[in-house]
Structures are given as C-alpha cells and as structure tokens.
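These are the residues of each chain, in order.
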Amino acid sequence: MDRRQEILEAASKSFTLFGYKATTMDQVARIANVGKGTIYTFFSNKEELLQEVVVSMIREMKRETDKLINTKLSFMENAHVSLMKMLEFREKHLLFAKLIEEEKALRTPEVKQMLQVIEGEIVSYIAERIQIGISKDEINECEPQLVAYLLFKSYLAFVVDWQKTHDEPISEEKILMIFKETIFGGLKKK
C-alpha cells in the first residue's frame, strides 16, 4: 500500500473515532505512522483530506450498489434494492454515521458540506438509474434529478425517520409495496 492510501485510511479512522472537528493532522500522522509533513505532500489541509475520504466512501457505496443491479429485474425492483442498499450503507458505515452525528451536534460547516456532497452523489446516482429506465422505455419521461431526490428522501423517511417516532420499523416488503402503489406506480409505463 502506498503512503497516500495509508494516510487516507488513517484519516478515515481518525474521523470515524473523533469526528472532523476533533481530528488533528498530528493524530492522522500518528495513526498512519508518518511525519505530519508527509501528509502535507499529498493534502493541503484537513478539509481536503476529509473530502478525499468522503469521495472514497462514495465510490465504495456505488460499487456495492452496482453489484446488486440485475438486468433481468425491472427498474422498480432495481431501484428499490439500490435505495435500500444505499440507506443500509448510510446507517452502517461508521464514518458516515459519525459525520451525521457531528453535523447535528456541532453544526460544523465542513461536515455539513460533505454531507451535502454525499447526498448529491446519491441523488445523481439514482437519477442516472432513472435515465436508464427512461431510455429503456420502462418508465415515463420525467425529470430524473427531481424524481431521484423524491425517491431518496422518501426512502430515508421510511427507513430512518419513521423509527424515531414509531415503535416498530416498516418492513422492507411493506416499503416496496407502498412505493409500487404510489411513486413507482406513477413512473411505470402503462
């Protein structure tokens, strides 16, 4: 493994453990077992380091989601599986969870910006899938970016937010049924 990658892994570990605000370049250097100056040969500051860590995390999320796409399934089934995987990734990836926690507690501007980048990447990924569905004539013509945003936020509400105010989570099967009867039903070509 090269030095740059070692630094990125150390930074990811530090951001996950301590959050963005509490992470220092000294900590990252100690974890990576390099001098602090070595970090600055690759990254000009902590914000740039966070940005690179987040970009790597987004790539990983897309790779994991791409593995689930099955060309034999309909757009609706692939969209559902993809959205559930992205939300699962969001909930289980410790760095992502730490960034969300820090943004809520401390309102760190750099963290807020990175969360917006992550959300934007997720919405763009979904929009690409919608565009593929349109080109395959599986779904009605629509504005992919807006529909992607609606799908992402709706899934987020059912998977994450619902549990905050209700005793039981909604099952994945029920979520799919609700979306088939509503949003997916409106998208599907008749």
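Look a little higher up for the structure.
Read on for a plain summary of the structure. (Residues numbered from 1 in each chain as written. Predicted model: local features only at pLDDT ≥ 70, side-chain atom pairs only at ≥ 80, totals over all residues. Heavy atoms only, no water.)

## Considering the overall build of the protein chain
Then step 1. Along the protein chain, the regular secondary structure elements total ten helices and zero strands.
Then step 2. Dimensions of the protein chain, computed from the C-alpha atoms along their principal axes, are close to 60 × 40 × 25 Å.
Then step 3. Burial status across the protein chain gives 41% buried among its 190 residues.
Then step 4. In the structure as shown, the protein chain presents an accessible area of about 10,700 Å², 51% of it carried by carbon and sulfur atoms. (Helix = DSSP H or I, 4+ residues; strand = E, 2+ residues; numbered from the N terminus. Buried < 20%, exposed > 50% of the residue type's maximum accessible area, 1.4 Å probe, protein only. Areas by Shrake-Rupley, 256 points an atom, 1.4 Å probe, with all protein chains shown as cover.)

## Notes on the pattern of salt bridges
Then step 1. Going through the model one piece at a time under the given rule, you end up with eleven salt bridges.
Then step 2. Here Glu64 ties to Lys67 by a salt bridge, and the two come within 3.3 Å at their closest N and O atoms.
Then step 3. Relative accessible area serves as the criterion here: at 61%, Lys67 is assigned to the exposed category.
Then step 4. A salt bridge links Lys153 to Glu119, with the shortest nitrogen-to-oxygen separation between them at 2.9 Å. With Lys153 in helix H8 (residues 144–165) and Glu119 in helix H7 (residues 109–135), this residue pair connects regions lying 34 residues apart in the sequence.
Then step 5. With a relative accessible area of 24%, Glu119 lands in the partly exposed category. (Salt bridge = Lys/Arg side-chain N within 4 Å of Asp/Glu carboxyl O.)

## Side note on the layout of surface pockets
Then step 1. Roughly 170 Å³ of internal volume is contained in the second largest pocket.
Then step 2. Around the second largest pocket, the lining is made up of 14 residues, and of these Ile69, Phe75, Asn78, Ile132 and Lys136 lie nearest the centre.
Then step 3. Elements that contribute at least two residues to the lining of the second largest pocket include exactly helix H5 (75–92) and H7.
Then step 4. Residue composition of the lining of the second largest pocket, by class: five nonpolar, six polar and three charged. (1 Å grid on protein atoms, 1.4 Å probe; cavity = no way out; pocket = protein on both sides within 12 Å on 5 of 7 lines; lining within 4 Å. Points joined across faces, edges and corners; volume = space filled by probe spheres on them. Nonpolar A, V, L, I, M, F, W, Y, C, P; charged D, E, K, R; others polar.)

## Thoughts on a nonpolar patch on the surface
Then step 1. A grouping of Leu17, Phe18 and Ile31 is seen on the molecular surface, where their side chains present a nonpolar patch of about 270 Å² in accessible area.
Then step 2. According to the relative accessible area criterion, Leu17 is exposed, its value standing at 53%. (Patch = residues over 30% accessible without salt bridge, like charges linked within 9 Å, V, L, I, M, F, W, Y side chains within 5 Å.)

## Quick look at the nonpolar core
Then step 1. By size, the foremost hydrophobic cluster in this structure holds 60 residues, and its most contacted members are Ile39, Leu49, Ile126, Ile130, Leu151, Phe184 and Leu187.
Then step 2. If one sorts the elements of this core by residue count, H7 sits on top with eleven residues.
Then step 3. Apart from residues lying up to four places away in sequence, Leu151 is in contact with Leu83, Ile126, Ile130, Phe179, Ile183 and Phe184. (Core = buried A, V, L, I, M, F, W, Y, C linked by side-chain atoms within 4.5 Å. Contact = heavy atoms within 4.5 Å.)

## Quick notes on the side chain of His80
Then step 1. Looking at the secondary structure, you find His80 in helix H5.
Then step 2. Not counting the four nearest positions on each side in its chain, His80 is found in contact with Tyr155, Glu172, Ile175, Leu176 and Phe184.

## Examining empty space enclosed by the protein
Then step 1. On inspection of all chains with the given rule, the structure shows one cavity of 30 Å³ or more.
Then step 2. Taken as a whole, the largest cavity holds about 60 Å³ of empty space.
Then step 3. As for the largest cavity, its lining consists of Phe75, Ala79, Ser82, Leu83, Met86, Tyr125, Ile126 and Arg129.

## Comments concerning the packing of helix H6 (residues 94–106) against H7
Then step 1. Between H6 and H7, whose axes approach to 9 Å, the crossing angle comes to 130°. One finds that H6 runs oblique with respect to H7. Crossing hand, H6 versus H7: left-handed. Of the residues in H7, those touching H6 at Phe96, Leu99, Ile100, Glu102 and Glu103 are Val111, Lys112, Leu115 and Ile118.
Then step 2. Its residues assigned to classes, the contact of H6 with H7 shows six nonpolar, no polar and three charged. (Axes fitted to C-alpha atoms, helices over the stretch in contact; angles between N-to-C directions. Parallel < 35°, antiparallel > 145°, perpendicular 65-115°, else oblique. Left-handed = near helix turned anticlockwise from the far one by under 90°.)

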